[in-house]
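# Fold and geometry: a report
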Amino acid sequence: MPTPTSRRSFLANAFTGATLGGAICGWLPRLAACAAEQPPTKSCILLWMSGGPSHLDTFDLKPEAPDRIRGEFRPISTSVPGIQISEHFPKFAKLMQHAALLRSMSTVESDHQLAAYHLHTGYQKRAGGVAFPSLGAIVSRELGRRDFPLPSFVCIGGGSRHATRSGFLGPDHQPLDVTDPQRGTDFLAPLTSRQEFQDQYALLRRFDASFQEAYRAESATAHASALDRAVRLMNAQEKQAFDLSREPEGVRDRYGRGGFGQGCLMARRLVESGVRFVEVVSGDGVGWDTHRDNFPRTGALSAEADRGMAALIDDLQQSGRLDSTLVIWMGEFGRAPQITSGGGRNHWARAWTSVAIGGGIRGGQVIGRTDRDAAEVVERPISVVDFLATVCSLLGIDYTHENRVPNIERPIPIVDVTKEVNVISELL
Amino acid sequence: MWRNLVAAALLIHVSISASQADEAADLSELIDRSIQSRLDADGLQRAPQADDAEFLRRVTLDVHGVVPSAESAAQFLDSPDPQKRFRYVDKLLASPRFGEHFGDVWRSYLISPLANEQRMQTDRFADWMAARFNRNDGWDEIAYDLLTAVGKMDENPAVTYLIEGRNPLGVTDLTDLSSRYFLGVRLNCAQCHDHPFVAWKQEDYWGMAAFFSQIQTPGRPKLVHVAGVQDDPRMTLTSLKEADMLEGFQPQPPTFLGGQAWEAEARTTHRAALARWITAPENPYFARAMVNRMWWHFFGRGIVNPVDDMHAGNEPSHAELLESLSRRFAESGFDLKLLCRAIVNSRTYQQTSRPGDRADAEAEQFARMSVKVLTPPQLYDSLIAIVGPPAKSPGINTRLGARHEFCQFFAAADDPDPLRYEQGIPHVLRLMNSPQFLGRNLDALVSRATADANSSDETIDELFLAVLSRRPTADERRLARDHLKTADARHTGYRQLAWTLLMSSEFMLNH
């Protein structure tokens with residue numbers, strides 16, 4: 001496993017840019033040595049807690065706060081002295097040395113859809129505005145390989161589809177959605193026998209040729225190329241990553257048999273096979289949106305999340321991939337300190353917590369601080385652009401890179417640098 | 001004015017009067033003349049006319065949003081009537097499907113894709129628009145009613161626009177949407193800063209926004225679904241609850257775009273004043289915005305591009321044409337069927353989309369038609385027309401309705417470019433391999449095609465007519481015959497052929 005020193009030097013490389021590395025590698029005699037030194041391209045797994053998990057009841061507990069705020073859960077100690085988290089994350093607590101708790105997330109949108117969009121894309125959704133790409137699409141574009149048969153971006157579980165699209169980066173970077181990991185991907189097998197499918201696909205190519213030649217439309221070429229890539233995926237060995245039945249029963253149990261646990265397992269398999277970005281959604285439907293019965297529901301969802309993410313981190317570490325795989329745990333916002341009469345908590349965007357794990361970060365630390373009630377950030381506020389710029393930097397992506405968008409005069413940077421951007425340097 | 005137009009519209013819609021047909025023919029000529037004179041100046045050749053099959057499929061998709069049936073395709077192609085294109089257009093415009101299609105299209109413009117939980121309500125909204133389009137109410141009247149709607153969504157579907165307009169943010173979104181769709185201008189950049197390339201200033205934006213400030217927004221925005229929309233005359237921009245949260249907020253008195261301040265009148269709401277100004281025949285933006293958008297709908301590109309970004313620095317490709325069409329559209333009482341009829345009967349619309357030597361220039365100058373991509377609703381409705389209603393498919397959750405789910409799944413980003421293909425691997429995998437349309441449905445299609453056929457050639461013809469609205473070329477027929485010889489079983493061979501046609505670029509596009 002790389003030492004902290006090699007991690008540092010990788011990041012230094014990442015900032016000088018890929019071109020330098022490419023230039024050195026291009027020099028043949030030193031190729032072998034160079035290949036050995038080059039750190040692997042990173043991958044990212046986003047564990048998306050749909051609905052907005054309560055920070056007060058997961059990773060920013062306030063045992064000193066009054067009854068109506070504190071809630072029912074007790075803090076427990078973790079593998080890092082001085083860091084405490086909810087009692088419903090006992091397995092993850094033992095892995096705290098790999099993680100950083102970002103307790104000072106402070107954002108502006110408190111509507112589910114708008115907040116999910118903002119957190120995924122770094123831009124607020126506006127009527128008639130630009131369709132911004134989500135983080136997964138950005139990673140696919142920046143780190144994905146054209147010749148790789150799987151899509152570089154996979155979404156597992158139901159989630160906010162509007163928040164995860166590729167926007168102006170176009171069809172090549174759309175996520176492959178896996179609605180139910182137990183069932184695997186849909187539509188990977190033909191409805192007919194393989195032979196019949198190959199025959200009809202060959203027939204299609206011949207028929208299509210005359211239309212393409214006569215009309216020379218870019219759209220026709222794009223359609224043919226999408227078909228080609230899809231058929232390549234249907235025939236690729238790598239698609240076995242979607243098939244969880246290839247895992248031993250014991251492993252499947254260890255992740256938890258629910259959708260989220262199995263999604264984490266599939267995410268691990270996908271990253272192992274070379275997929276760059278996997279999003280796993282926890283909480284179908286209402287999920288973490290606990291306007292009522294916050295405690296029983298947050299408790300149950302936490303237990304499921306704990307099991308899945310702990311197994312994932314363990315396995316990534318075992319296989320030596322944890323340093324090259326950034327795992328993020330987050331939702332669209334946190335929840336209000338004040339407990340409602342129905343035992344729930346309402347939306348709260350001003351102060352909440354996200355978690356970064358692995359990916360070569362400096363683990364075992366807490367970043368930022370909220371006040372006594374976890375209502376306001378009192379130290380080191382982290383905005384959406386701060387967060388995304390940090391994630392990009394950790395993955396070796398230049399977040400200032402500008403994209404040209406059809407019909408838009410101004411170039412659009414990956415992260416909106418017209419705003420003040422403070423990369424969380426403590427993580428690097 | 002709008003009340004008079006209601007009365008007038010009721011009389012007009014019954015049949016196409018001779019004078020209306022004449023006016024349409026006159027406008028078609030105007031279009032062709034303007035396009036031709038620019039082509040002459042640039043030394044570009046017009047493309048030949050589209051053949052009957054190309055025209056038939058194109059005009060049916062553009063006006064009805066669906067491909068023609070095999071029967072009507074055969075009938076049209078075989079008809080010797082020299083006037084058949086005119087007659088077919090008359091039929092399309094008289095059918096209720098005309099309004100339904102444009103109602104659906106305008107729903108996609110005006111209603112937020114985020115509003116998916118309100119699908120029933122947006123269906124009602126689309127129906128409401130459809131009824132107005134089918135009655136051929138003037139566009140000024142429809143726009144006026146949208147802008148001034150009050151009440152609850154289930155009582156007055158028009159109010160859906162004010163509630164579910166692109167984002168649930170209220171005033172700023174309504175300002176953006178109304179400017180883009182009714183005036184053809186993008187003010188949204190001016191919300192936070194003076195536009196660098198355009199005359200719009202921040203004060204223009206907030207001056208327009210002020211007209212929407214009287215819409216009451218209850219403490220929690222979601223309650224507007226229950227309470228409906230009412231105006232509170234005491235409210236101004238500064239009394240908005242969320243004012244401090246709005247980017248670039250600047251309190252301005254209600255001011256019409258261009259700087260004309262509004263003199264408050266008793267018993268006139270801000271919105272009514274705005275709607276009256278927008279829809280007035282002398283408004284410099286309103287008619288142009290709709291003419292350019294309709295042109296964009298039919299040609300895949302506007303006379304001004306982007307379609308809703310009209311400003312002094314963004315020259316139209318055919319300024320005089322846009323001017324005259326807009327004037328005549330306003331003079332006609334904003335008659336949408338007239339505008340559609342004039343466009344689709346023009347020679348310019350009926351050119352082939354096959355490119356010549358200078359493919360891009362030809363498309364930009366309208367010397368040929370552009371190849372558009374089927375929109376998700378067009379694709380869905382066409383699949384149903386060809387293979388029948390969708391079958392249940394694992395992995396496809398149709399709880400909110402199969403059409404809704406399909407359109408959401410295949411939807412591109414907001415405001416898609418009609419010429420740009422946006423589908424990726426997940427989408428084509430689903431098209432190729434889901435049983436939703438191409439499982440048993442395909443067997444049924446093949447059975448129908450073979451049932452009445454006396455020969456394999458007739459079945460091949462039937463499949464081509466059903467899917468591509470045309471008969472095969474000699475080469476294609478040979479290819480199909482050869483394939484049938486190698487296929488294990490007749491039925492399998494035909495099914496593979498049908499699958500092939502449904503997956504072809506020609507089917508996915510509107511050429």
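What you see is a predicted model; the values in this text were computed from it and never measured.

Time to look at the overall build of chain B. Counting its secondary structure elements, chain B contains 26 helices and two strands. Within chain B, contacts between residues at least 6 apart in sequence are counted, and of these 70% link residues at least 24 apart.

Turning our eyes to something else, we now look at the overall build of chain A. Counting its regular elements, chain A contains 13 helices and 16 strands. Intrachain contacts of chain A at a sequence separation of at least 6 include 72% that bridge at least 24 residues.

Let us look at the interface of chain B and chain A. Counting residues at the interface gives 59 residues for chain B, matched by 56 residues for chain A. With seven residues, helix α20 (residues 425-433) of chain B is the single largest residue contributor to the side of chain B that touches chain A.

Attention shifts here to the sheet that holds strand β11 (residues 352-358) of chain A. Residue and element names in this part refer to chain A. Strand order in the open sheet formed by eight strands is β6-β5-β7-β1-β8-β11-β4-β12, and the pairing between neighbours is mixed. A single partner strand is all that each edge strand has here, and the edge strands are β6 (176-178) and β12 (365-367). On average, each strand axis in the sheet is inclined to that of its neighbour by 15°, with strand direction left out of account. Across six bridges, strand β1 (residues 43-49) lies against strand β7 (residues 277-282) in parallel orientation. Considered in β7, the bridge of Met 49 is made with Ser 282. Those strands touched by helix α11 (residues 259-273) are β1, β5 (153-156), β6, β7 and β8 (325-330), and its axis lies near 175° from that of β7.

This next bit is on the pairing of β1(A). All names here are of chain A. Of all seven residues that make up β1, seven are buried, and the element is covered over most of its length. Of the two faces of β1, the one carrying Ser 43, Ile 45, Leu 47 and Met 49 and the one carrying Cys 44, Leu 46 and Trp 48 are both buried. Examined bridge by bridge, β1 and β8 share six bridges and lie parallel to one another. When the sheet's bridge partners are listed, Ile 45 is paired in β8 with Val 327.

Now for the environment of B:Thr269. All names here are of chain B. Looking at the element boundaries, Thr 269 is found in the loop between α12 (224-227) and α13 (270-279). Here Thr 269 falls in the partly exposed class, since 18 other C-beta atoms lie within 10 Å of it. Note: C-alpha distance between Thr 269 and Phe 212 (57 residues apart in sequence) is 9.6 Å. If sequence neighbours within four positions are ignored, Thr 269 has contacts with Gln 214, Asp 231 and Pro 233.

Turning to unusual backbone geometry, a few remarks are in order. Each neighbour pair has its own omega, and for B:Asn305 with B:Pro306 the value is -10°, a cis peptide bond. Tracing the backbone shows B:Pro306 in the loop between α14 (286-299) and α15 (319-331). Phi is positive for A:Phe187, which is not a glycine, with a value near 65°. Among the secondary structure elements, A:Phe187 is positioned in the loop between β6 and α8 (194-215). The backbone of B:Phe366 sits at a positive phi, close to 60°, despite the residue not being glycine. One can find B:Phe366 in the loop between α17 (359-364) and β1 (372-373). Judged by local crowding, B:Phe366 falls into the buried class, with 29 C-beta atoms found within 10 Å.

What follows concerns the packing of α8(A) against helix α24 (residues 474-486) of chain B. With their axes 11 Å apart at the nearest point, α8(A) and α24(B) run at an angle of 175° to one another. When the axes of α8(A) and α24(B) are compared, the pair comes out roughly antiparallel. Contacts between α8(A) and α24(B) involve A:Leu203, A:Arg206, A:Phe207 and A:Ser210 on the former and, on the latter, B:Asp475, B:Glu476, B:Leu479 and B:His483. A per-class count over the contact of α8(A) with α24(B) returns three nonpolar, two polar and three charged.

All names here are of chain B. By secondary structure assignment, the location of Ala 126 is in helix α7 (residues 119-134). On the neighbour-count criterion, Ala 126 (24 C-beta atoms within 10 Å) is buried. When the C-alpha atoms of Ala 126 and Ala 158 are compared, they prove to be 9.2 Å apart, with 32 residues separating the residues in sequence. If we skip the residues at most four places from it in the chain, Ala 126 touches Gly 103, Asp 104 and Arg 107.

All names here are of chain B. Running from amino to carboxyl end, helix α23 (residues 456-468) crosses helix α25 (residues 490-503) at an angle of 25°, the nearest separation of the two axes being 10 Å. Considering the angle they form, α23 stands roughly parallel to α25. You can see that α23 and α25 cross each other, and the crossing is right-handed. Residues Thr 459, Leu 463, Phe 464, Val 467 and Leu 468 of α23 touch α25, and the partners they reach there are Tyr 494, Leu 497, Ala 498, Leu 501 and Leu 502. Along the lines of polarity and charge, the residues of the contact of α23 with α25 split into nine nonpolar, one polar and no charged.

This paragraph deals with the pairing of β7(A). Residues and elements named next belong to chain A. Counting buried residues along β7, six of its six residues qualify, which places the element largely inside the surrounding structure. A two-sided burial pattern is seen for β7, the buried positions comprising Phe 277, Glu 279 and Val 281 on one face and Val 278, Val 280 and Ser 282 on the other. Across four bridges, the pairing between β5 and β7 is parallel. Along β7, the bridge assignment pairs Phe 153 with Phe 277.

Residues and elements named next belong to chain B. Along the chain, Trp 296 falls in helix α14. We classify Trp 296 as partly exposed; it has 18 C-beta atoms within 10 Å. Separated by 143 residues in the primary sequence, Trp 296 and Met 153 have C-alpha atoms spaced 30 Å apart. The contacts of Trp 296, once residues within four sequence positions are left out, are Arg 301, Gly 302 and Val 307.

Mean pLDDT over chain B works out to 89, with 90% of the residues at or above the 70 mark. Both scores are available for the predicted complex, with the pTM at 0.85 and the ipTM at 0.91.

Here we come to helix α8 (residues 139-148) of chain B. When you tally the buried positions in α8(B), you get nine out of ten residues, the bulk of the element. Listed in full, the buried residues belonging to α8(B) are B:Trp139, B:Asp140, B:Glu141, B:Ile142, B:Ala143, B:Tyr144, B:Leu146, B:Leu147 and B:Thr148.

The rules behind these values
Residue indices begin from 1 for each chain and proceed along its sequence in written order. In the order they appear in the text, chains get letters beginning with A and ligands get numbers beginning with 1. Only residues with pLDDT of at least 70 get local features here, since the model is predicted, and only at 80 or more are side-chain atom pairs given and counted; chain-wide, interface and lining totals rely on the full set of residues. Comment: elements are numbered from the N terminus, with helices defined as DSSP H or I runs of at least four residues and strands as E runs of at least two. Contacts here follow a simple rule: the backbone-placed C-beta atoms of the two residues must lie within 7 Å. Being paired, for any two strands, means DSSP has found at least two bridges between them. In this description, a line fitted to the C-alpha atoms serves as the axis of each element, helices being fitted only across the stretch in contact, and the angle between N-to-C directions of two axes falls anywhere from 0 to 180 degrees. Burial in this document is a count-based property: other C-beta atoms within 10 Å of a residue's C-beta are tallied, and the residue is buried at 20 or more, exposed at 12 or fewer, or partly exposed in between, with C-beta positions derived from the backbone. An angle below 35 degrees is read as roughly parallel, one above 145 as roughly antiparallel, one from 65 to 115 as roughly perpendicular, and any other as oblique. All residues other than Ala, Val, Leu, Ile, Met, Phe, Trp, Tyr, Cys, Pro, Asp, Glu, Lys and Arg, Gly among them, are scored as polar; the first ten of these are nonpolar and the last four charged. For any pair of crossing helices, the crossing counts as left-handed if the nearer helix is rotated counterclockwise from the farther one by less than a right angle, and right-handed if it is rotated clockwise. Along the chain, pLDDT gives the predictor's confidence residue by residue, from 0 to 100.

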